[in-house]
Each structure stands twice: as C-alpha cells, then as structure tokens.
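# Fold and contact review
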Amino acid sequence: MSSPRSASGRPKLVGNHNRCWIWGRHVVLETLRAAIWRPAEVLISPRCPSEVLSEIRQCTGQFGIVLTELADSALTRRCRTEEHQGLAAVLPEFPYSDFGQLMLRKPRVERWLVLDGIQDSFNFGAIVRSAVELATDGLVVGVREQSAVNSQVVRSSAGGVNHVPIARVDDLSSGVARLKSTGVRIVAASEKASTRLQDVDLTGPTAIVIGNEGRGVSPEIWALCDDRVRIPTADKVGSLNAAVAAGIFCYERLRQRLSQAGARA
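Description of the structure in this document. (Residues numbered from 1 in each chain as written. Predicted model: local features only at pLDDT ≥ 70, side-chain atom pairs only at ≥ 80, totals over all residues. Heavy atoms only, no water.)

Further remarks concern the overall build of the protein. Within the protein one finds ten helices and eleven strands. Here the C-alpha atoms of the protein give a radius of gyration of 20 Å, agreeing with the 18 Å that 2.2 N^0.38 yields for 265 residues. Seen through its principal axes, the protein has C-alpha atoms that stretch 60 × 40 × 40 Å. Relative to its 265 residues, the protein shows a buried fraction of 50%. If you take every contact in the protein between residues at least 6 apart in sequence, the share linking residues at least 24 apart comes to 82%. Per element, the accessible surface of the protein, about 12,800 Å² overall, is 48% carbon and sulfur. Within the protein, the 27 negative side-chain charges are centred at a point lying 2 Å from the centre of the 33 positive side-chain charges. (Helix = DSSP H or I, 4+ residues; strand = E, 2+ residues; numbered from the N terminus. Rg over C-alpha atoms; globule rule 2.2 N^0.38 Å. Buried < 20%, exposed > 50% of the residue type's maximum accessible area, 1.4 Å probe, protein only. Contact = heavy atoms within 4.5 Å. Areas by Shrake-Rupley, 256 points an atom, 1.4 Å probe, with all protein chains shown as cover. Lys, Arg positive; Asp, Glu negative; His and termini not counted. Charge placed at Lys NZ, Arg CZ, Asp CG, Glu CD.)

Given below as structure tokens:
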C-alpha cells in the first residue's frame, strides 16, 4: 500500500494542520517500524534520546523520508504541542487496504469489524486499539458520515492503525452484502436488540457491525444482519459508548474462540 500523491508527486497530507501531525516517541516509532503509513517528514529536537535517534535515522534513511532537526521550541511551534518528547511526524493520506484483496487473503480473514458511520476520531482510534488487541483480522469502513484515518485516530489507537488492515468502501451496505455472500455471519450491536451477546455463537466467520454514535446501525445494513445483539447492562444511562461496545463485542468473540480451541485441545 502507498499513500496517494498530488499532481506534483508529493504525498497528499492527511488533512489540515491539526489532523496531519503525530508526536511522541511511541506513536512515531510504531508508525516508522510498521512501514505501512510512511510519514512525509519526521522532525526531531535535542529532547529525543540518542538511542531513539539512531533508529529514527535508520528508518527515515531506509524509506527516503525527510528528517528535519530543529530546536525544541521550534518543534513545539510546528506541531503546536509541548508533549512531543522531541519527536514528531507529518503524515500523508492513509493507505487503506483494498477490500477485494482483503477478502481473498490467505489464510482467510474471519474476524471482521464493520464501522457504520463512526464520526468521532477518538472513538475510531479507541475501536482500532481494541480491535488489534482482541485479534480482529480486518476493519471495513464507509465514506459517508465516517471519520477518516487521521493523526487523531493514530494517537488514540496508540499506533494500532499500523497493525490491522483497514479497508474503505464507497457503499458500506454493498460491502457487508459481499461479506455475507461468502458465508460471513453479520452481527449488529444494538441496545434495542432482544438477543444477549453471550447467547450468540461468534466462533465462525463473523462481521461485527458497530453503528453511528447517534443513529446506530443504518437501516440498509440492519436488514442484512443475521443477528441483532445487545450487551446486558444496568441501563442507567441508556447505552454504551461505541468504542466500549466494540471492545466488549471483540472480547466476547475472542473469548468464545479461545474456549472452543481449549475444548478441542
């Protein structure tokens, strides 16, 4: 995967100033090490430790990334935060995975997560972080009402966007229909459902659908779902945050698979 480029041949940035910067040693190093989303520029100041600097030089040199050294105060002005720890990067547009190729991947992608209009970048990133840690194989997002993968998503995912394929499709309901046609069970998360999460079999190929923070799962995708499932709660505030719900669903799917594997051992 490579990031889109402008007419001049330079990588298109992921967004405006606030959305194209990442900073901090962990997130920047994770992005460089993964070598999937290569920064357009990496900036370092004297606050960056020498042992980190040597790895930064190696990674940027290997991939032809511009490396800029500047004073700590200058880096603060550039990225508009003092929390950079001496290291920041400017990101091009995110290189999404090809959905068709992801469906054909071997071994087969079986643990899908479909995000139906997650507009908040921090929610999106938190969902990606849970998806990575809870063994999700692939994410699918649409274009309509959906946050793009930007620097805020990178930071809130703790670099997790580098560790799980994320595919973006023009028509999300058509994408879900394609998954269903290959035998993937479509499971919608909804506080309005009557079936409880623990009562649904998630051990086979499944696509968990997490709906928009306000409207929930769209009617077109709702109609495609094999199961509509709720998380049992105390019902004090009405519903769970989308990122929290996604984490619980992904955990339950992993728990069931591990339990099944243990029973077979």
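Once the structure has been displayed, the description carries forward.
Let's shift gears to the packing of aromatic side chains. The tally for this structure, following the rule as stated, stands at three aromatic pairs. Plain terms: the ring middles of Phe94 and Tyr96 are 5.0 Å apart, the flat faces sit at 80° to each other, and that makes the pair edge-to-face. You'll find Phe94 and Tyr96 in the same group, each marked buried. With a centroid separation of 5.9 Å and an interplanar angle of 75°, the aromatic rings of Phe99 and Trp112 are classed as edge-to-face. (Phe/Tyr/Trp six-rings, centres within 6.5 Å; stacked < 30°, edge-to-face > 60°.)

Attention shifts here to the sheet that holds strand E1 (residues 21–23). What links the strands of a sheet is backbone hydrogen bonding, and the strands pair in either a parallel or an antiparallel sense. Here we have four strands laid out as an open sheet, ordered E1-E4-E2-E3, and mixed in their pairing. The sheet is open, and its two edges are formed by E1 and strand E3 (66–69), each paired on a single side. Going from strand to strand, the sheet's axes swing by 20° on average, the running direction of each strand aside. As paired elements, strand E2 (residues 41–44) and E3 share four bridges and run parallel to each other. Looking at the pairing, Val42 lines up with Leu67 of E3. Strands in contact with helix H4 (residues 72–79) are E1, E2 and strand E4 (87–90); relative to E2, the strand with the most contacts, it is inclined by about 140°. (Pairing = 2+ DSSP bridges. Axes fitted to C-alpha atoms, helices over the stretch in contact; angles between N-to-C directions.)

Quick look at helix H8 (residues 172–181) now. What H8 keeps buried is the set Leu172, Ser173, Gly175, Val176 and Leu179. One side of H8 holds all its buried residues, which, seen down the axis, span an arc of 160°. For H8, the elements touching its buried residues are helix H5 (99–103), strand E5 (111–116), strand E6 (138–141), strand E8 (185–189), strand E10 (206–211) and helix H9 (219–222). With its phi angle positive at about 95°, Gly183 sits one or two positions after the end of H8. (Arc of directions from axis to C-beta.)

Here we come to the environment of Glu69. Structurally, the position occupied by Glu69 is in strand E3. Owing to a relative accessible area of 52%, Glu69 belongs among the exposed residues under this scheme.

Turning our eyes to something else, we now look at the pairing of E8. Counting buried residues in E8 gives four out of five residues, a clear majority hidden from the surface. For E8 and E10, the ladder comprises four bridges, and the chain directions are parallel. Across the sheet, residue Ile186 finds its bridge partner in E10, namely Ala207. Bridge count between E8 and strand E11 (residues 227–230): three bridges; the pairing is parallel.

Here we take up a nonpolar patch on the surface. On the surface, Leu240, Val244 and Ile248 cluster together into a nonpolar patch covering about 200 Å² of accessible area. When you line up the elements, Ile248 lands in helix H10 (residues 242–264). By relative accessible area, Ile248 is classed as partly exposed at 30%. (Patch = residues over 30% accessible without salt bridge, like charges linked within 9 Å, V, L, I, M, F, W, Y side chains within 5 Å. Salt bridge = Lys/Arg side-chain N within 4 Å of Asp/Glu carboxyl O.)

The analysis is restricted to geometry; functional conclusions fall outside its scope.
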